[in-house]
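Structure at a glance
The residues making up each chain are set out below.
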Amino acid sequence: MCGIIGYTGYNYAQNILLEGLSQLEYRGYDSAGIALLTKDNQISVHKCTGRVASLIDLCSLDEVDSCCGVGHTRWATHGGVTKQNAHPHTCGKVSLIHNGIIENYYEIIEEYHLADKLVSETDTEVVAALLDTLYESDPIVAIKETVSKLNGSFAFCIMFTDQPGLIYSIRNVSPLVAALAKSGSYIASDLTALIPYSKEYFIVPEYHIITLSKTDITIQDLNGKFILPEILTVNWDIEAAMKNGYPHFMLKEIFEQPDAIHKTIAPRIKNMLPDFTDDSIPNSLFLNCTKLSIVACGTAMHAGMVAKTMIEPLLRVPVTVSIASEFRYEEPLIDKNTLVITVSQSGETIDTLEALRLAKRLHGRTISIVNVKGSSIARESDYVLYTHAGPEIAVASTKAYTVQLAALYLLGCKAALVNDCYSVTQANQFIKNLIDVTDNVKLLLEHTELIQSVAKYLTGATDAFFIGRGLDYTLSLEGALKLKEISYIHAEAYAAGELKHGTIALISEGTPVVALATQTKVYSKVISNIREVKARGAYVILLSCDESITDSSICNLHIPLPKTDDLFTVFESAVVLQLIAYYTSANKGLDVDKPRNLAKSVTVE
Ligand code: F6R
């Protein structure tokens, strides 16, 4: 949440900052701003509410001669969406940008009598005022003292008017990456902003002070000891973070799924069996587990729900799925025989990260399924199984979800094999089915016309229901989330058998119901449930593998799915549900990639 960029070097900073903010906008898009340190040691600030495009317009009126500056795109926490609350915040000699939340900002205002210095309602401006109060002549001393007073999460980029050409930075929890290139030094919330300038980067370590100059980046801990960073190399190209002809990132990312799934599973399959040797994950991790506990948020949590439904009957051990923000406060039953699996695209979701930390304190064995290399959750887990989806820019998660499913399926198969719940032959067949997913999804993506006609119907709807049983129910949860978050249509998912216990009262003439019927063992049951809603006037959109369905008493529209093993239909269903949401939102003319009130990578609790 919130995008941060800083640059100091040989080129004009303004354009670099604005380009960086355009790349980072998916992290927050309430307001945006830049601060430039001019050659005569003045801070020039431009900021406005709304999108980065408005900031670009504003800045085009006034090109500032500066090679050092910081930029920010905001997702509001403290204080409304106003120009005054937009970052950067300047106080005296200090100008800074911030991602995170300072929990004790009010106490700081009181203790240091800062109220008269403040013009905004933000926690961030309090830090600028505190830093300015504590600053005499040594930025390092003042930053150290300032952060020692702060409770909460933060990533700051700071400039001082009397420190020309220098940007200081420090973080706790909130992510930052940095890179030194020939053209200067760069720092940003994530790689998408750095990649045009450097393929080599490092993750800014927590509670270390970073000093960026045009020729150098130094890192020192709070005792003044300098360290060298671990340099990483980006394994994707700038092209991956561009739309490449697609109208929206979301559509592009939906179409990237066959490739993303292939890249995630292929390196972990040897002799048609799951193999985690290159991930340094030992088989012993899966032995003597009395419980599996999956913890995640939102879409990642929904991937966990699918995994539970798949893994529990296979291993015959309890598998729980927890919403990370609840897990932290429900005194979870975790011990050394519990395998705690955290799932996260960004690897920075604060609730998931804190849940992981709790699981470790309770001596759970931890493994994470994460997309972003070197992210906090990946680094803090005992083991990590990276997904290889590449950058996901659309706020609504799509390819990250299906690769999470693929990784969880591999993990389930591995655990079954290690615990003799699967024979080698069974595991071979499972892996074959998983490999086939790539082609099945590819095939499905060749014909989206029918799905587009479903979206036409949904475009005028105010409510929609998603129903299914077993794996199809877990998919329904994700289908409903996708539709509501980008189309603003109220959508709910229900276990199909549960409707008659209350929800069916909401069905009236024309109510759209997306029904999933891909699971053989509950097929006839779910068809009965579908008939029940159809009889009450629902407009039924059916997803099933039964090509012969023509019966208008069952559905109004049938989307046939390729016939596969029941466990593997989830991948195709997921893609159809994503496309339904996408086309509905696009038909409504909404900002598909940046839905209102949301932002990518939720680093606030
Ligand atoms: C919905 C969506 C969110 C994320 C959730 C967790 O489309 O993207 O629900 O899945 O915020 O994010 P990560 O996976 O980064 O932990």
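Here the structure is a predicted model, which is why all the values come from computation and not from measurement. (Residues numbered from 1 in each chain as written. Predicted model: local features only at pLDDT ≥ 70, side-chain atom pairs only at ≥ 80, totals over all residues. Heavy atoms only, no water.)

**What to know about empty space enclosed by the protein**
Cut-off, in case you're wondering: For each structure, a 1 Å grid was placed over the protein atoms alone; sets of points admitting a 1.4 Å probe that cannot get out are labelled cavities, open sets with protein on both sides within 12 Å along at least five of seven lines are labelled pockets, and lining residues have an atom within 4 Å of a point. Grid points are joined across faces, edges and corners, and a volume is the space filled by probe spheres set on the points. Starting at the N terminus, helices and strands are each numbered in turn, a helix being any DSSP run of H or I of at least four residues and a strand any DSSP run of E of at least two. For this classification, the nonpolar set comprises Ala, Val, Leu, Ile, Met, Phe, Trp, Tyr, Cys and Pro, the charged set comprises Asp, Glu, Lys and Arg, and every other residue, Gly included, is treated as polar.
As enumerated under the stated definition, the model contains one cavity of 30 Å³ or more in all. Of the volumes computed, that of the largest cavity is approximately 70 Å³. As for the largest cavity, its lining consists of Cys2, Arg74, Trp75, Ala76, Thr77, His78, His87, His98, Gly100, Thr122, Asp123 and Thr124. Every element with two or more residues in the lining of the largest cavity is listed here: strand 6 (94-102) and helix 4 (123-134). Classifying every residue of the lining of the largest cavity gives three nonpolar, seven polar and two charged.

**Considering the site of the ligand**
To be explicit about the condition: For this purpose, a residue is taken to be near a molecule or strand whenever a single non-hydrogen atom of the residue falls within 4 Å of it. Any N or O atom pair separated by 3.5 Å or less is treated as a polar contact, with the protein-specific requirement of one donor-capable and one acceptor-capable atom, and with residues adjacent in sequence counted only for side-chain atom pairs.
What surrounds the ligand is a group of 14 residues, the closest being Ser344, Gln345, Ser346, Thr349 and Glu485. Note that an oxygen atom of the ligand is positioned 2.5 Å from one of the side-chain N or O atoms of Thr349. One of the side-chain nitrogen or oxygen atoms of Lys482 is found 2.8 Å away from an oxygen atom of the ligand. At the level of elements, helix 8 (298-315) and helix 15 (471-487) are the ones that each hand at least two residues to the shell around the ligand. Considering each element in turn, the shell around the ligand owes the most residues, three residues, to helix 8. Of the residues assigned to the shell around the ligand, the class counts are five nonpolar, seven polar and two charged.

**Comments concerning unusual backbone geometry**
Negative phi values dominate among residues other than glycine, just as trans dominates among peptide bonds. Going by this rule: Working definition: with a 1.4 Å probe on protein chains only, accessible area under 20% of the residue-type maximum means buried, over 50% means exposed, and in between means partly exposed.
For the peptide bond that leads from His87 to Pro88, omega is 0 degrees, which places it in the cis range. Note that Pro88 resides in the loop between strand 4 (68-74) and strand 5 (89-91). The phi angle at His113 is positive, at roughly 50 degrees, despite the residue not being glycine. For His113, the location among the structural elements is in the loop between helix 3 (105-112) and helix 4. On the accessibility criterion, His113 (68% relative accessible area) is exposed. Within the chain, Glu331 stands out as a residue other than glycine whose phi angle is a positive 50 degrees. Within the fold, Glu331 resides in the loop between helix 9 (324-327) and strand 20 (338-344). Classification of Glu331 by relative accessible area gives exposed; the value is 70%.

**With respect to the UniProt feature "active site" (unreviewed entry) in the chain**
Going by this rule: UniProt positions are given in the numbering used here, feature names are shortened, and annotations may be inferred rather than shown by experiment. What makes two residues a contact is simply this: any of their non-hydrogen atoms within 4.5 Å.
Listed under "active site" (unreviewed entry) in the UniProt record, and renumbered for this structure, are Cys2 and Lys600. These annotated residues cover 599 residues of sequence, and their C-alpha atoms lie no more than 8.7 Å from one another, placing them together at a single site. Taking the annotated residues in turn, Cys2 line the largest cavity. Relative to the helices and strands, Cys2 is located in the segment before strand 1 (3-9). Those residues in contact with Cys2, other than ones at most four positions away along the chain, are Arg27, Gly28, His72, Thr73, Arg74, Trp75, His98, Asn99 and Ser189. Of note, Lys600 is situated in the segment after helix 17 (569-587). Here Lys600 is in contact with Met1, Tyr26, Arg27, Gln345, Glu392, Ile393, Ala394, Val395, Ala396 and Ser397, once residues within four sequence places are set aside. A polar contact is formed between the side chain of Lys600 and the backbone oxygen of Ala394, at a distance of 2.8 Å.

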